[in-house]
Amino acid sequence: MTFDLRSLIAFNAIVSSGSLGRAAEAMNVTQPALSRTIRRLEDEVGAPLFERHSKGMQLTDVGRALQPHAILLQRESEHANEDIKAMLGLAKGTIRVGAVGSIACLVLPLAIGRTCKKWPNLQVQVIEGVWDRLADALVTREIDLALGVDIEDTDEIVAVKDCRWEDTSYVVAGRRHPLRKKARLKLADTLQERWAILPKGTGPFEHMKKVFMRHNLALPNVVVETRSVTALKSLIGHSGFLGWMPEPMYDAERKAGLIDALEIPGASDKRTLTAFRRRAGMLPGPSIKLLEELRAMTGQQP
């Protein structure tokens, strides 16, 4: 079965917008024309792709089976077209990168700034998230580079071995937190305080758990779990919560006098960070330029 790319783009537009009308408006075509395109695609597939309702269109089982492939083919086509035009000087290249929160707060913006200064025609698309979100985006070609904590390679994703660096995580608190007045502060003194941290199963939570286990302590009183870095910083800086963060994540707040590490002996830990790419295929040229800047910043030269 051979699919027409324009039909797949129309299919993806309807899935994204949820209705024929909104998709037609986004694609700048008429509704009847878009409807005919989808009908032809359904004839090629041999089954309905959507269930039509008064409030919109929902995927059938066959439509759900087609969706990931349609997205992948559209992205591959866009990447190929963009790379060729960029080589010919006809269009801007795009860096598609994802990063965990601590890297997105400092290292990535610095690397993007340096890259765009050298290559002013480049554009950048960034997503921030925990590792499972980034890994999925890498596999589905939503991004071409993912920056996160070093883990073992998989069948689909591999680390860029010559782009690694370290950071250190600490127990952090607002500058006016009462624990700052306590002499000879110990990690055990934090157990009954209110904590805010990324959810169980995420890298930062497991990292914090390891430090408490190393001190033969139970987990602290985690009151708030959230994937929002902004919410975490606000809870720690303004609402009296404790947290566990790598230093780059709260660098701006530390300089502003809002958040800083608590001076607790043995209550810090290093971790290794790296860039990841898909195992198969070539890394697009724009992403290679960002990778070069990351290597230069972290002291790793190819």
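Residues numbered from 1 in each chain as written. Predicted model: local features only at pLDDT ≥ 70, side-chain atom pairs only at ≥ 80, totals over all residues. Heavy atoms only, no water.

- Labelled according to an unreviewed UniProt entry, the protein appears under the name LysR family transcriptional regulator, originating from Variovorax ureilyticus.
- Under the UniProt heading Sequence similarities (unreviewed entry), the note attached to the protein is "Belongs to the LysR transcriptional regulatory family." (UniProt positions renumbered as here; feature names shortened; annotations may be inferred.)

Some remarks on the nonpolar core
Part 1: Formed by 32 residues in total, the largest nonpolar core has its most connected members in Ile103, Leu108, Leu147 and Leu290.
Part 2: When contributions to this core are tallied by element, the ones reaching two or more residues are strand S3 (94-99), helix H5 (101-105), helix H6 (107-118), helix H7 (131-139), strand S5 (145-149), strand S6 (157-174), strand S11 (268-278) and helix H11 (285-298).
Part 3: Here this core takes five residues from S6, the largest share from any one element.
Part 4: Contact partners of leucine 108, with chain neighbours within four places excluded, come to Val97, Ala99, Ile103, Val126, Leu147 and Leu290. (Core = buried A, V, L, I, M, F, W, Y, C linked by side-chain atoms within 4.5 Å. Buried < 20%, exposed > 50% of the residue type's maximum accessible area, 1.4 Å probe, protein only. Helix = DSSP H or I, 4+ residues; strand = E, 2+ residues; numbered from the N terminus. Contact = heavy atoms within 4.5 Å.)

A look at unusual backbone geometry
Part 1: Unlike most non-glycine residues, arginine 184 shows phi in positive territory, near 50 degrees.
Part 2: With a phi close to 55 degrees, asparagine 216 is a non-glycine residue in the positive phi region.
Part 3: Along the chain, the position of asparagine 216 falls in the loop between helix H8 (203-214) and strand S8 (221-225).
Part 4: Classification of asparagine 216 as exposed rests on a relative accessible area of 71%.

Observations concerning the packing of aromatic side chains
Part 1: Under the criterion given, the structure shown has three aromatic pairs.
Part 2: Between tryptophan 131 and phenylalanine 276 the ring centres are 4.7 Å apart and the planes differ by 50 degrees, which places this aromatic pair in the tilted class. Note that tryptophan 131 is positioned in helix H7 and phenylalanine 276 in strand S11, a separation of 145 residues in sequence.
Part 3: Consider the rings of tryptophan 195 and phenylalanine 212, whose centres lie 5.7 Å apart with planes at 75 degrees: the pair is edge-to-face. Of this pair, tryptophan 195 sits in strand S7 (residues 194-197) while phenylalanine 212 sits in helix H8, placing them 17 residues apart in sequence.
Part 4: For phenylalanine 212, a relative accessible area of 1% gives the class buried.
Part 5: Its end group placed over the ring of phenylalanine 241, arginine 194 keeps NZ or CZ at 4.2 Å from the ring centre. (Phe/Tyr/Trp six-rings, centres within 6.5 Å; stacked < 30°, edge-to-face > 60°. Lys NZ or Arg CZ within 6 Å of the ring centre and 35° of its normal.)

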